[in-house]
Amino acid sequence: MFKKIVGGVVALSVLALAIFLLIAWEPSIDPISTPNPGGFSEEQINRGEVLAGLGNCETCHTTAPNKPLAGGRAMPTPFGTLYSTNITPDPKTGIGQWSEEAFARAMREGITQSGSHLFPAFPYTHFTKLSDDDTSDLYAYIMSQSAIQAEPPENTLEFPFNIRLLLAGWKLLFFDEGRYETETSKSEEWNRGAYIAEGAGHCSACHTPRNVLGAEDTSKAWEGAIINNWYAPALNTSNRTPAGWTETEAYKYLRNGGSPFHGVAVGSMADVVHDGLKQAPDSDLRALSVWLSDLAQASGDQQASANSVSAIHSAHNNQSPSTMMGEGERLFTYACAACHYNEPDSTNTLRPDMALNSAISAPTPINLIRVTLNGVSLKEGLPEAMMPGFAHALDDRQIASLLAYLRSTHTDQPAWTNLEQQVRDQRP
Ligand code: HEC
Ligand code: HEC
Ligand code: HEC
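The rules behind each value
- Residues numbered from 1 in each chain as written.
- Chains lettered and ligands numbered in written order.
- Predicted model: local features only at pLDDT ≥ 70, side-chain atom pairs only at ≥ 80, totals over all residues.
- Heavy atoms only, no water.
- Pairing = 2+ DSSP bridges.
- Helix = DSSP H or I, 4+ residues; strand = E, 2+ residues; numbered from the N terminus.
- Patch = residues over 30% accessible without salt bridge, like charges linked within 9 Å, V, L, I, M, F, W, Y side chains within 5 Å.
- Areas by Shrake-Rupley, 256 points an atom, 1.4 Å probe, with all protein chains shown as cover.
- Salt bridge = Lys/Arg side-chain N within 4 Å of Asp/Glu carboxyl O.
- Contact = heavy atoms within 4.5 Å.
- Near = heavy atom within 4 Å.
- Polar contact = N/O pair within 3.5 Å; in protein donor to acceptor, adjacent residues only side chain to side chain.
- Nonpolar A, V, L, I, M, F, W, Y, C, P; charged D, E, K, R; others polar.
- Expected span 1.5 Å × (residues − 1).
- Buried < 20%, exposed > 50% of the residue type's maximum accessible area, 1.4 Å probe, protein only.
- Core = buried A, V, L, I, M, F, W, Y, C linked by side-chain atoms within 4.5 Å.
- Domains from an automatic or database assignment.
- Buried area = accessible area lost by both parts, 1.4 Å probe.
- Donors = N, O, S within 2.8 Å, 3.2 Å for Na, K, Ca; no water.

As a further point, take the pairing of strand β1 (residues 74-77). Relative to strand β2 (residues 80-83), β1 is paired through four bridges, and the arrangement is antiparallel. Note that in β2 the partner of T77 across the bridge is G80. As consecutive antiparallel partners, β1 and β2 are separated by two residues.

Structure follows, in structure tokens:
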């Protein structure tokens, strides 16, 4: 009897393993000799370049500016470090021997030319939504770039996360392969925006929190998440900024890197705006803005909302130093207010209004701490503007009291906890 049960369990396990291996196993696609870039039309390559920008291929696949797409960028995960691969057309170390079919399979199913499963740090969970034409244009663009010989460092993922076959199980749970499906109740422009956001732009890869296995938690879609040690704010109605993300403001932010009623794009979002969206035509950014303002359910007079929140804190800004109470308030007046002060009705992108900025109303102070410590470089925010960092001018306790002051006077959100420790943790 006992023998029979054990036998049954063993047989079932072997069967389950066999089924799993059958699902997990993928064939290799025959290598080709590297395509001649002359074989692609210039229009196709140009369209591919815009898509590569939207997809931030270069941001993730480049470590040195003189070796674009040659890979090697470290992607720290809770399970170890993964490195991006060389996607230049180099036949040995890059993807020069990948046919268009192999490339399309990688983009859509996360499988290499030889049949291994790819980690979802490569956002194929989004790229799978790209149309046939767009995938083909991307291939043309990638295959027309200079071939660079470069081998990325070995991944340092811990067992069992280093077993690529197991990714087949991850995919069964969390991955839906398939092209973008038009939402018929919405306009064509909205659909274009959603197609870019969900597909090439992979916006939710940063703006949606992930579960313990690294998959986007769809029950919390667009609710904001911490990524690369920056906070990517909620883009839906949970966004706490007082003036919502209307179509006009979203467009200004995505096109130029800043909106007077919000603030500027720093950190990873600066890469998205200044490297990624730079080549995209206006029509695409307008479409993204239509989609975004619908997601945020934003409308109304931005200047009026700005004036009403500014009125609350301008009372603080106008006090004379002798009547100021706390250290935070004094520090803000001396260190920040000269640049961060707006007259009513003249809200200015060059002087982000603290009461309107998501960094101050966000659930985590990470962005505010990082901007206060390191400032805003010329590569971030508005390209013509910068902000000095205060890492050397102020100590942890001073920054903590300054930021606590901003939080309590410029928002109606609960105080942040452990601020001083959090400032210390963010010191470069
Ligand atoms: C968020 C970072 C990120 C972005 C953005 C990104 N990739 Fe990747 N990509 C990776 C990582 C990491 C890998 C390696 C995954 C692995 O080893 O399993 C990878 C692997 C690949 C591969 C498989 C290559 C191989 O040799 O196995 C291809 C093809 C690829 N990416 C193309 C692209 C293209 C095209 C774009 C832009 C449309 C892009 N990637 C954008 C991170 C990224
Ligand atoms: C690589 C990660 C990443 C990707 C991809 C990304 N974002 Fe962001 N996003 C961020 C971060 C981080 C911030 C916060 C930047 C700041 O505070 O200036 C941000 C901020 C924003 C904001 C401002 C929110 C606010 O309330 O201040 C908007 C709007 C936005 N992103 C839209 C988008 C759209 C649309 C896309 C896709 C085209 C996108 N993001 C893709 C990381 C990302
Ligand atoms: C010399 C002028 C100047 C001073 C002083 C200054 N800032 Fe700024 N700050 C700026 C400018 C300009 C920007 C926008 C930069 C850009 O667009 O590139 C900015 C941006 C910001 C942002 C917006 C970041 C975002 O994601 O939207 C915050 C927050 C901020 N500053 C906080 C502070 C704090 C706190 C202080 C005082 C400790 C301070 N600033 C002092 C000029 C200044």
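Continuing now.
Right, let's talk about a nonpolar patch on the surface for a bit. A surface patch of nonpolar side chains, about 550 Å² in accessible area, is lined by L17, L21, F159, I163, L165 and L166. You can see L165 is positioned in the loop between α6 (132-143) and α7 (167-174).

For Y83, the position within the fold is in strand β2. Sequence separation between Y83 and A121 is 38 residues, and the spatial gap between their C-alpha atoms is 9.4 Å. Here Y83 is in contact with G72, R73, A74, P152, P153, E154 and N155, once residues within four sequence places are set aside.

Taken together, 25 residues lie around ligand 1, and C57, C60, H61, F119 and R164 are the ones closest in. Residue F119 places a main-chain N or O atom 2.7 Å away from an oxygen atom belonging to ligand 1. Secondary structure elements with two or more residues in the shell around ligand 1: α3 (57-61), α4 (100-109) and α6. Across the shell around ligand 1, the residue classes break down as 17 nonpolar, seven polar and one charged.

To continue, consider helix α2 (residues 42-54). Taking 1.5 Å per residue, 13 residues should reach 18 Å; α2 reaches 19 Å between its end C-alpha atoms and fits that length. For α2, the complete set of buried residues consists of Q44, I45, G48, V50, L51, A52, G53 and L54. In this fold, the buried residues of α2 make contact with α3, α6, α8 (188-198) and α11 (267-276). Just beyond α2, the residue with positive phi is N56, at close to 50°.

Okay, the environment of Q303 next. Along the polypeptide, Q303 turns up in helix α13 (residues 302-317). Considering only alpha carbons, one finds Q303 and R370, 67 residues apart in sequence, at a separation of 28 Å. Discounting residues that sit within four places of it in the chain, Q303 has contacts with F261, D345, S346 and T347.

Contacts to ligand 2 come from 22 residues, most closely from C203, C206, H207, M269 and S358. Contacts to ligand 2 include V264, whose backbone N or O atom sits 2.7 Å from an oxygen atom. With respect to ligand 2, the side chain of S358 contributes an N or O atom lying 2.4 Å from an oxygen atom. Only α9 (204-207), β4 (230-232) and α11 provide two or more residues apiece to the shell around ligand 2. Each residue belonging to the shell around ligand 2 can be placed in one class, and the counts come to 15 nonpolar, seven polar and no charged.

For the rest of this paragraph, the subject is unusual backbone geometry. In this structure, P160 follows F159 across a cis peptide bond, with omega equal to 0°. You will see that N228, though not glycine, has its phi angle at about 50°, which is positive.

Let's shift gears to the nonpolar core. In this structure, L138, L288 and W291 are the most contacted members of the largest nonpolar core, which totals 60 residues. Of all elements in the fold, only α2, α4, α5 (124-127), α6, α7, α8, α10 (247-256) and α12 (282-295) reach the threshold of two or more residues within this core. No other element matches the six residues that α6 contributes to this core. Inspection of this core shows a minimum of three residues originating in each of domain 1 (26-174) and domain 2 (188-295). For L288, the residues in contact, after removing those within four places along its chain, are G193, I196, A197, L254 and L277. Ranked by size, the runner-up nonpolar core spans 27 residues in total, among them W230, F390, L394 and L403.

Before going further, it helps to spend a moment on the domain arrangement of the chain. Under the domain assignment, the chain is made up of domain 1 (26-174), domain 2 (188-295) and domain 3 (302-426). The gap between the C-alpha centroids of domain 1 and domain 2 is 23 Å. With 18 residues of domain 1 at the contact, the number on the domain 2 side is 23 residues. Overall, the association of domain 1 and domain 2 removes approximately 1800 Å² of surface from exposure, summing both partners, and the carbon and sulfur fraction of that is 60%. At the junction of domain 1 with domain 2, the criterion picks out one salt bridge. A salt bridge links K129 to E198, with the nearest nitrogen and oxygen atoms 3.1 Å apart. The interface formed by domain 1 and domain 2 contains eight residue pairs in polar contact (both at pLDDT 80 or more). Looking at the side of domain 1 that touches domain 2, the element that brings in the most residues is α2, giving five residues. For the side of domain 1 that touches domain 2, the residue count by class is nine nonpolar, six polar and three charged.

Here we take up the coordination of the iron atom of ligand 1. What the protein offers the iron atom of ligand 1 as a donor is a single atom, H61 (NE2), at 2.0 Å. By the secondary structure assignment, H61 is in helix α3.

We now examine the side chain of T135. Inspection of the secondary structure assignment puts T135 in helix α6. In this structure T135 comes out as buried when scored by relative accessible area, which is 3%. With residues near it in sequence (within four places) discarded, T135 still touches F103, A104, M107, R108 and L130.

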